[in-house]
Amino acid sequence: MAITINEIIEAFDIRGAQDNYYENRKKRYASYTNRASSIGYFVPSLNGCQRKGVYERLNWRDKQLFDTQSYIRFEEGNRQEEHVLSDLKKWGFDIIKQQDDFIWEKYQISGHIDGKWKYKDIEPPVEIKSMSPFIFQKVGVYEDLNKESWLRAYKAQINIYMLYHNIEFGIFVCKDKSSGAIKPIVVEMDYQLAEDCLQTAEIINEHVKNKTYPDQINDHKVCEKCLYNHICMPDVEFGIPLKISEDKKAVQNIDYYLANKFKKKEIEHLWNDIIRPSIMAECDDEGRVNLILGKKYHITGKKDARGTFRSRIDLIGTEEEE
Ligand code: SF4
């Protein structure tokens, strides 16, 4: 029988193959030390949670796994970071001691340095970070790393590397995943933060030794994203709080909008000046909405990576059901 184009499309299912590949690679890793790359998530002065640091050591088998898309993103980031190292060498920078692992026994901290730059008689650690174009534009100096929790974790990581290697300077090489542009952020030792990291490691180690846990923190936003929240707070429902509205006029507006979507000019005002602002008015303080409107529509929305509010309207019932 002749091969059809549909057969080819079905057989060449690379998206499915990619998903399967990463789905099968998902696993948890034993954590016998405090990883330098994670300590920033545990340090109170960086809005972290020490209890989470203890879970990482004692309960790593219970850790929730990231979704498949996150694994795909992480791997792509790793690939890009490897290329940056070889590019730096091509461009004449003396990058040495690549992928150097260390264990700081006293604090039970482990680290993995991407490389060191040999400059005169110093060797500052070099840490490569790939990021979205949006984040790439937002960062330029050390202080910009306060803008996101995972950027704050970078600060902790490089300061531990500097302290362990007894050097005043460290360098981030940031790469825009999309355009390929790169730029450095040169870091001078932040002694206060380095000290906070060591103190946090000591507190975690003490709890690990005694099989005890520090108190929970009181920050819903941090706990919501914590991969141990199911064992730390099993009774708490995380996610965007659901709101219910019986606003009939709002339902009629959406009915009209959806029925006339193709008449772009006619509905522009309705969407921009009436529906969209009314949806945004229902957002929580993180700019997210999860709304059931008149038992007919389920409206969800949040800001995208660029800070633009995006929403989606799903029909979940009919007026007859009302
Ligand atoms: S759920 Fe919150 S308190 Fe519990 S470990 Fe995670 S971040 Fe800490």
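Parameters at a glance
Residues numbered from 1 in each chain as written. Predicted model: local features only at pLDDT ≥ 70, side-chain atom pairs only at ≥ 80, totals over all residues. Heavy atoms only, no water. Helix = DSSP H or I, 4+ residues; strand = E, 2+ residues; numbered from the N terminus. Expected span 1.5 Å × (residues − 1). Buried < 20%, exposed > 50% of the residue type's maximum accessible area, 1.4 Å probe, protein only. Near = heavy atom within 4 Å. Nonpolar A, V, L, I, M, F, W, Y, C, P; charged D, E, K, R; others polar. Contact = heavy atoms within 4.5 Å. Phe/Tyr/Trp six-rings, centres within 6.5 Å; stacked < 30°, edge-to-face > 60°. Lys NZ or Arg CZ within 6 Å of the ring centre and 35° of its normal. Axes fitted to C-alpha atoms, helices over the stretch in contact; angles between N-to-C directions. Parallel < 35°, antiparallel > 145°, perpendicular 65-115°, else oblique. Pairing = 2+ DSSP bridges.

(A) Quick peek at helix α7 (residues 149–164). If you check α7, its first and last C-alpha atoms are 23 Å apart, about what 16 residues at 1.5 Å a residue would give, namely 22 Å. The buried fraction of α7 amounts to twelve of the 16 residues, a majority that puts the element mostly inside the structure. For α7, the complete set of buried residues consists of L151, R152, A153, Y154, K155, A156, Q157, I158, N159, I160, Y161 and M162.

(B) Representation of the site of the ligand within the structure. Taken together, the neighbourhood of the ligand is formed by C49, K52, Y55, Q216, I217, C223, C226, N229, C232 and M233. Class assignment for the residues of the shell around the ligand results in seven nonpolar, two polar and one charged.

(C) Seen up close, the environment of E224. When you line up the elements, E224 lands in helix α9 (residues 220–225). Discounting residues that sit within four places of it in the chain, E224 has contacts with N229, F238, G239, I240, E286 and R288.

(D) Spotlight on the packing of aromatic side chains. Applying the stated criterion across every chain, the model contains 15 aromatic pairs. Relative to Y228, the ring of Y55 lies with its centre 5.4 Å away and its plane at 15 degrees, an arrangement referred to as stacked. Within this pair, whereas Y55 is found in helix α4 (residues 50–58), its partner Y228 is found in the loop between α9 and α10 (229–232), the two being separated by 173 residues in sequence. The two residues Y55 and Y228 agree in class, both being buried. A ring pair is formed by F102 and Y164, whose centres lie 4.2 Å apart and whose planes are at 15 degrees; its orientation type is stacked. Taken as a pair, F102 in strand β3 (residues 100–104) and Y164 in helix α7 lie far apart in primary sequence, 62 residues in all. On the accessibility criterion, F102 (7% relative accessible area) is buried. Given the relative accessible area of 30%, Y164 is considered partly exposed. A cation over a ring is seen here: K183 above F136, with NZ or CZ 4.2 Å from the ring centre.

(E) Representation of the packing of helix α2 (residues 14–25) against helix α5 (residues 68–90) in the model. Between α2 and α5, the shortest axis-to-axis distance is 9 Å and the interhelical angle comes to 90 degrees. In terms of orientation, α2 lies roughly perpendicular with respect to α5. Facing Q18, D19, Y22, E23 and R25 of α2, the residues of α5 in contact are T68, Q69, Y71, I72, E75 and R79. A class-by-class count of the residues in the contact of α2 with α5 yields three nonpolar, three polar and five charged.

(F) Structural context of the pairing of strand β7 (residues 169–176). Across the eight residues of β7, seven count as buried, placing the element largely inside the fold. With six bridges connecting them, strand β6 (residues 125–131) and β7 associate as parallel partners. Each bridged residue has a counterpart across the sheet, and for E127 the counterpart in β7 is F172. Strand direction decides the pairing type here: β7 and strand β8 (residues 182–188), joined by seven bridges, are antiparallel. Along β8, the bridge assignment pairs F172 with I185. Counted along the chain from β7 to the antiparallel partner β8, the turn is five residues long, and its residue G180 has a positive phi close to 85 degrees.

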